[in-house]
Amino acid sequence: KWVMPGCVVELSGEDVNGEEVRLSSFRGSWIFLDVWATWCGPCNSEIPYLKKMEEKLRGKNIVFVSLSVDKTADREKWKNLLREKKMEGVQLRWNGRAKGVHEMLGITGIPHFAIVDPEGVLRWNNLPFVSSGLIYRILREEINDFLILNEQDEKYYIIHWMLRVVTGGVFRPVLSFNGFDLREW
């Protein structure tokens, strides 16, 4: 069953301790959902941007849920990467068939980003990469009191996105261009 925006999302996964956690346990909060895998290069490239987004939105009514589609055989690899990258937020591993979550959210590739509202309803699906910065604009326009983003941060992300387009969509962070540090722009 494919969940369309406007429908309730019922997903669960196991945490690092093997306990099942359901998205419905976060009702009352916005959920930023990241579907990813340890073996996925673009997913790993997005981790620093996700961490920065979590930091910016700390104290806001949002829960960051990263749902790995790593196989059961790769459970330890997943746990080690979480420790190595010091990943925060709610870290879950999908314990069903990977195809199941892909079908449910209409995922054609990972990383896959979605936003679920406080009632558990899928509001935005298949969002652009966090590194593009467009997610900040979506959040600011749709949920004004939820996110306050200053113009300098927005410029950084938009310039970064433009450079990714110019460089052919290279999936590694572009933090400088011709010696110019975009983080300081």
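Remember, it's a predicted structure, so these values are computed and weren't measured experimentally.

Asker: Teacher, can you tell me more about the overall build of the chain here?
Answerer: For the chain, the count of helices and strands is five helices and nine strands. Secondary structure elements of the chain occur, N-terminal to C-terminal, as β-β-β-α-β-α-β-α-β-β-α-α-β-β. Each of the 185 residues in the chain was classed as buried or not, and the buried ones make up 50%. In the chain, of all internal contacts separated by at least 6 residues, the share reaching a separation of at least 24 is 68%. When the accessible surface of the chain is split by element, carbon and sulfur atoms take 52% of a total near 9600 Å².

Asker: What is the right way to look at the pattern of salt bridges in this model?
Answerer: Where charged atoms of side chains with opposite charge meet at close range, the side chains can pair. Taken as a whole, this structure holds eight salt bridges when the rule is applied. As a salt-bridge pair, Glu14 and Arg93 come within 2.5 Å of each other at their nearest N and O atoms. Here Arg93 lies in strand 5 (residues 90-93) and Glu14 lies in strand 1 (residues 12-14), a separation of 79 residues in the sequence. Per residue, the accessibility class of Glu14 equals that of Arg93, and both read buried. In this structure, Arg123 engages Asp117 in a salt bridge whose closest nitrogen and oxygen atoms are separated by 2.7 Å. Residue Asp117 is classed as buried on the basis of its relative accessible area, which comes to 3%. Three or more residues joined by partner-sharing salt bridges are found here, namely Glu14, Arg75, Glu76, Lys79 and Arg93.

Asker: Can you walk me through the nonpolar core in this structure?
Answerer: As a rule of thumb, nonpolar side chains are buried together in soluble globular proteins. Counting 32 residues, the largest nonpolar core has Leu11, Phe26, Leu33, Val65, Leu105 and Ile110 as the members making the most contacts within it. Of all the secondary structure elements, the ones that give two or more residues to this core are strand 3 (30-36), helix 1 (41-56), strand 4 (62-68), helix 2 (75-84), strand 5, helix 3 (98-105) and strand 6 (112-116). By residue number, the principal contributor to this core is strand 3, which donates four residues. Beyond its immediate stretch of four places on either side in the chain, Leu33 contacts Leu11, Val65, Leu67, Leu105, His112, Phe113 and Ala114. Listed in part, the 17 residues of the second largest apolar core include Trp124, Val130, Ile135 and Tyr136.

Asker: Any chance you could explain the state of the cysteines here in plain terms?
Answerer: What is meant by a disulfide is a covalent connection between two cysteines, made through their sulfur atoms. As enumerated under the stated definition, the model contains one disulfide in all. Paired through a disulfide, Cys40 and Cys43 show a sulfur-sulfur distance of 2.4 Å. On the S-S bond that ties Cys40 to Cys43, the torsion sits near 80°, and the link is right-handed. Residue class for Cys43 comes out buried when judged on its relative accessible area of 3%.

Asker: Explain the confidence of the model for the chain to me, please; I cannot follow it from the model alone.
Answerer: Averaged over every residue, the pLDDT of the chain is 79; the share at 70 or more is 72%. A low-confidence stretch, residues 145-185 (pLDDT under 50), is modelled with 67 contacts involving residues beyond four sequence positions or located in other chains.

Asker: Can you walk me through the pairing of strand 7 (residues 122-127) in this structure?
Answerer: Both faces of the sheet carry side chains from a regular strand, because those side chains alternate between them. When strand 6 meets strand 7, the two strands line up antiparallel, connected through four bridges. Bridged to Ile115 within strand 7 is Trp124.

Asker: Before we go on, may I ask you to explain the environment of Arg22 in this structure?
Answerer: Looking at where Arg22 falls in the secondary structure, it is placed in strand 2 (residues 20-22). In the structure, Arg22 is positioned 13 residues away from Val9 in sequence and 10.0 Å away in space, judged by C-alpha atoms. Setting aside chain neighbours within four positions, we find Arg22 in contact with Leu11 and Ser12.

Asker: Honestly, the packing of aromatic side chains in this entry has me stumped. Any pointers?
Answerer: The relation between two aromatic rings is expressed through the spacing of the ring centres and the mutual angle of the planes. One pass over the structure, following the stated rule, counts four aromatic pairs. Ring centres of Trp30 and Trp124 lie 6.1 Å apart, and the angle between their planes is 25°; on these two criteria the pair is classed as stacked. Residue Trp30 is located in strand 3, and its partner Trp124 is located in strand 7; the two are separated by 94 residues in the primary sequence. One exposure class covers both Trp30 and Trp124, and it is buried. In textbook terms, an aromatic cluster arises when at least three aromatic residues are bridged by ring pairs, as seen for Phe32, Phe64, Phe113 and Phe129.

Procedures and definitions
Residues numbered from 1 in each chain as written. Predicted model: local features only at pLDDT ≥ 70, side-chain atom pairs only at ≥ 80, totals over all residues. Heavy atoms only, no water. Helix = DSSP H or I, 4+ residues; strand = E, 2+ residues; numbered from the N terminus. Buried < 20%, exposed > 50% of the residue type's maximum accessible area, 1.4 Å probe, protein only. Contact = heavy atoms within 4.5 Å. Areas by Shrake-Rupley, 256 points an atom, 1.4 Å probe, with all protein chains shown as cover. Salt bridge = Lys/Arg side-chain N within 4 Å of Asp/Glu carboxyl O. Core = buried A, V, L, I, M, F, W, Y, C linked by side-chain atoms within 4.5 Å. Disulfide = S-S within 2.5 Å. pLDDT = per-residue confidence, 0-100. Pairing = 2+ DSSP bridges. Phe/Tyr/Trp six-rings, centres within 6.5 Å; stacked < 30°, edge-to-face > 60°.

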